[in-house]
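# Descriptive structure summary
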Amino acid sequence: MKPKYRLVVIALLYFVVASAAAAQDLGPNIRKLKDGIYVYVGTKFNSNCGIVITQEGVVLIDSGHNPTDSRSILEAVKKLSPLPVRFLLDTEPHPDHTTGHFVFSPPATIIAHVGATASMIGREKESPGRIEKLAGTSPEMKKALEGYRFVPPQVEYRQKMTLNLGERTFELFYLKDVHSEADTAVWLPKERVLFSASGIVVDQVNILRPFVTIPDILAASKMMKALNPEVVVPGHGQPGTAKIFDDTEKYYALLVERVGAMVKAGKSLDEIKKELKMPEYAQWASQERMPSNVDAAYKVVKGN
Ligand SMILES: [Zn+2]
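To keep things clear, this report deals only with the structure shown in the data block. Everything numeric here is computed off the predicted structure, so don't read it as measured data. (Residues numbered from 1 in each chain as written. Predicted model: local features only at pLDDT ≥ 70, side-chain atom pairs only at ≥ 80, totals over all residues. Heavy atoms only, no water.)

According to the stated counting rule, one finds 13 salt bridges in the structure shown. For K32, the salt bridge is made with D35, and the minimal N-O distance between the two is 2.9 Å. Given a relative accessible area of 61%, D35 falls into the exposed group. Where E230 meets K34, a salt bridge forms, and the shortest distance between an N and an O atom there is 3.1 Å. With E230 in the loop between helix 8 (214–226) and strand 12 (231–234) and K34 in strand 1 (residues 30–34), this residue pair connects regions lying 196 residues apart in the sequence. One connected set of salt bridges, linked through shared partners, spans K176, D177 and D216. (Salt bridge = Lys/Arg side-chain N within 4 Å of Asp/Glu carboxyl O. Buried < 20%, exposed > 50% of the residue type's maximum accessible area, 1.4 Å probe, protein only. Helix = DSSP H or I, 4+ residues; strand = E, 2+ residues; numbered from the N terminus.)

The next thing to look at is the layout of surface pockets. Within this model, the largest pocket holds a volume of roughly 270 Å³. Taken together, 19 residues make up the lining of the largest pocket; nearest its centre are V201, D203, D247, T248 and W284. The class makeup of the residues in the lining of the largest pocket is nine nonpolar, six polar and four charged. (1 Å grid on protein atoms, 1.4 Å probe; cavity = no way out; pocket = protein on both sides within 12 Å on 5 of 7 lines; lining within 4 Å. Points joined across faces, edges and corners; volume = space filled by probe spheres on them. Nonpolar A, V, L, I, M, F, W, Y, C, P; charged D, E, K, R; others polar.)

Given a rise of 1.5 Å per residue, 22 residues ought to cover 32 Å, and the 31 Å separating the end C-alpha atoms of helix 9 (residues 243–264) matches this to within 8%. If you check which residues of helix 9 are buried, you get I244, F245, T248, Y251, Y252, L254, L255, V256, V259, G260, M262 and V263. Of the surrounding secondary structure, the elements contacted by the buried residues of helix 9 are strand 11 (193–197), helix 8, strand 12, helix 10 (269–275) and helix 11 (290–302). In the stretch just after helix 9, G266 is the one whose phi turns positive, near 85°. (Expected span 1.5 Å × (residues − 1). Contact = heavy atoms within 4.5 Å.)

All right, on to the packing of helix 8 against helix 9 then. Orientation of helix 8 relative to helix 9, taken along the N-to-C sense of each, is 155°, at an axis distance of 10 Å. In terms of orientation, helix 8 and helix 9 fall into the roughly antiparallel class. For helix 8 against helix 9, the interelement crossing comes out left-handed. Residue-level contacts link I214, I217, L218, S221, K222, M224 and K225 of helix 8 to F245, D246, T248, E249, Y252, L255 and V256 of helix 9. Considering only residue class, the contact of helix 8 with helix 9 consists of eight nonpolar, two polar and four charged. (Axes fitted to C-alpha atoms, helices over the stretch in contact; angles between N-to-C directions. Parallel < 35°, antiparallel > 145°, perpendicular 65-115°, else oblique. Left-handed = near helix turned anticlockwise from the far one by under 90°.)

Okay, structure coming up:
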């Protein structure tokens, strides 16, 4: 082999070995969705975090369930790109998506829908000592919390915004009353990857707070399905396809139908909560949240 060719072969081999090592080295939670697009899948329905590499920096979608996750995410990011995390897009303001903000910002600018900061401040007031308690859960958590600061979003948008960074476009959509006070779906139109936030979850009963309505969830589901995504990353649970939306619609249709039949049979709300059976979904996680689903279905049936 001519020395020139030998050099090319060595360079190629080095590249192959280096990429393989990098691919294996990202930790057990990281899944590659597309070139430069990864998701850190939370263990046991813990929240997911999207990692998007661009030519002008990294964009994260949420910051990990706990600061231990945030630290692992930062380690993975450093292996994927020499560039800093420029933006962090919040799909919701709850602590299981935002406690790790301090790990990334600065330098990251955090973007969320209007209402996110107020929601975060409200939660902090409701649960004094939350960070101390969290630090007490394990030595790893205590270490991960070093340098903790409460970091609310620096930018709040209304309804819709577009972020262009490098070769990529991120479209942010507000999802009204599907889970929290400020839910955002993040859509990458060129790559057809959608981060659907926590109004839609997978293999798990969702928690429906009093202001959350089933019609709002179904409207959000329909809107997101119409985008025709190839990959859908829910706020919690395994990434999948647009089938996530079909499953969601099917579940709520059956729930409303069963609750409707029980109302017709003269059952009270309390009786329905005790007697309702959804055996088709018995394997879903978080069954203790079912009463909140009955409340929402009852409102639909009663027309309020
Ligand atoms: Zn939440």
